[in-house]
Amino acid sequence: MSDIGPNVADMTTELADRFRALHVPGEPLLLPNPWDLGSARVLATLGFSALATTSSGFAATLGRLDGTVTREEALAHGAQIAAGVDLPVSADLENGFADEPAGVAETVRAAVMAGLAGCSVEDFTGSAIYEATLATERVAAAVEAAAGRIVITARAENYLHERVDLADTIARLQSFAAAGADVVYAPGVLAPDEIATLVTEVGRPVNVLALPSAPSVAELADLGVARISVGGAFAFAALGALAEAGRELLDQGSYGFWARAAVGDQVAETAFGE
């Protein structure tokens, strides 16, 4: 058992229950990934039902690349967003910031204390894929530490790291599901037949990453997907808009960026006004 107090436990359990209930196969939860509190409030204002942090997007706000954020930074970031919106928030906690199951469990307990409704645990070390048994033990430790107070998303990272092996990916997700993971996620699996097989074989709500070649939301719904997220895409779309505005000013000496800025200003008035 953890030393989580009853008030925190009650709050996180309620959030987790709300978040868990949003995962309906065939009616996918659209889960956008804000990169700071302002973007979280904008997305909440637009009408999304839940949010998830993005490790790459958050790292970019610190002027860093993905994989360089510490556990303390990620948890503080997640806690800030969770406290700033009236929605369930799941945190991208990479590999749990630990190799051993005990370290993953410690991270999950801290995520509960941070007021998060969910968190993800990857089977990637930062340089290699964990051996399958250890990967499953890490998920089992996360589930035990969560004790139902936070939704655990278990990720199989094969397809993002040039291991395009559907059978191994499904076997890993099945093991994660058997270990108690609430949601499973294999980012990079995009072929409709592979997604359909994964959904059928794993028996847990499935998250799909909305990469450019991914099936549409309607198509993913037909395949039985329960959740769709965007990773760092929105964060980098914002950086792209910034770069375009900067290049226009430098190269053309014009101010066409004000058309987009006016839209942003109106959104900010709605999202940040009290």
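A word on the overall build of the protein
Point 1. Check the secondary structure of the protein and you find 11 helices and eight strands.
Point 2. Relative to a compact globule of 274 residues, whose C-alpha radius of gyration would be 19 Å, the protein shows 19 Å and is just as compact.
Point 3. With the C-alpha coordinates aligned to their principal axes, the bounding extent of the protein is approximately 60 × 45 × 35 Å.
Point 4. Looking at the 274 residues of the protein, the share that counts as buried comes to 48%.
Point 5. Sequence-distant contacts, at least 24 apart, represent 67% of the contacts inside the protein between residues at least 6 apart.
Point 6. On the protein, roughly 12600 Å² of surface is accessible, and the fraction owed to carbon and sulfur atoms is 56%.

A look at the sheet that holds strand β7 (residues 206–209)
Point 1. The strand order β1-β8-β7-β6-β5-β4-β3-β2 describes an open sheet built from eight strands, whose pairing is parallel. Unpaired on one side and paired on the other, β1 (29–31) and β2 (51–52) mark the two borders of the sheet.
Point 2. Of the pairings in the sheet, the one linking strand β4 (residues 118–122) to strand β5 (residues 151–155) comprises five bridges and is parallel in character. Looking across to β5, one finds that Ser-120 is bridged to Thr-153.
Point 3. Contacting β4 and β5, helix α6 (residues 132–146) runs over the sheet at an angle of about 170 degrees to β5.

Some thoughts on the pairing of β4
Point 1. For β4, the buried fraction is high: five of the five residues fall into the buried class.
Point 2. Alternating residues of β4 divide into Gly-118, Ser-120 and Glu-122 and Cys-119 and Val-121, and every residue in both groups is buried.
Point 3. Direction of pairing for strand β3 (residues 89–92) relative to β4: parallel, over a ladder of three bridges. Counterpart to Ala-91 in the pairing with β4 is Cys-119.
Point 4. Handedness of the crossover joining β3 and β4 through helix α5 (residues 101–113): right-handed.
Point 5. Handedness of the crossover is the feature at issue here: the chain leaves β4, passes through α6, returns alongside β5, and the resulting connection is right-handed.

Quick look at the pattern of salt bridges
Point 1. Per the counting criterion, the structure on display carries 10 salt bridges.
Point 2. Where Arg-64 meets Glu-73, a salt bridge forms, and the shortest distance between an N and an O atom there is 2.8 Å.
Point 3. Among the residues examined, Arg-64 registers a relative accessible area of 30% and is labelled partly exposed.
Point 4. Salt bridges here are not isolated pairs; linked through shared partners, they connect Asp-123, Arg-163, Asp-168 and Arg-172.

What to know about the nonpolar core
Across soluble globular proteins, you tend to see nonpolar side chains buried next to one another.
Point 1. Counting 31 residues, the largest nonpolar core has Leu-51, Val-89, Leu-93, Val-108, Leu-116, Ile-150 and Ile-152 as the members making the most contacts within it.
Point 2. Listing elements by their share of this core, those giving two or more residues are α2 (37–46), α3 (55–61), α4 (71–84), β3, α5, β4 and α6.
Point 3. Here the element with the most residues in this core is α5; it accounts for five residues.
Point 4. Once residues lying within four places of it in the same chain are set aside, the contact partners of Ile-150 are Ala-16, Arg-20, Val-108, Ala-111, Val-112, Leu-116, Ala-117, Gly-118, Cys-119 and Asp-182.
Point 5. Listed in part, the 25 residues of the second largest apolar core include Tyr-159, Leu-166, Ala-186 and Val-225.

Thresholds, definitions, all that
- Residues numbered from 1 in each chain as written.
- Predicted model: local features only at pLDDT ≥ 70, side-chain atom pairs only at ≥ 80, totals over all residues.
- Heavy atoms only, no water.
- Helix = DSSP H or I, 4+ residues; strand = E, 2+ residues; numbered from the N terminus.
- Rg over C-alpha atoms; globule rule 2.2 N^0.38 Å.
- Buried < 20%, exposed > 50% of the residue type's maximum accessible area, 1.4 Å probe, protein only.
- Contact = heavy atoms within 4.5 Å.
- Areas by Shrake-Rupley, 256 points an atom, 1.4 Å probe, with all protein chains shown as cover.
- Pairing = 2+ DSSP bridges.
- Axes fitted to C-alpha atoms, helices over the stretch in contact; angles between N-to-C directions.
- Right-handed = clockwise from strand over helix to strand, strands pointing away.
- Salt bridge = Lys/Arg side-chain N within 4 Å of Asp/Glu carboxyl O.
- Core = buried A, V, L, I, M, F, W, Y, C linked by side-chain atoms within 4.5 Å.

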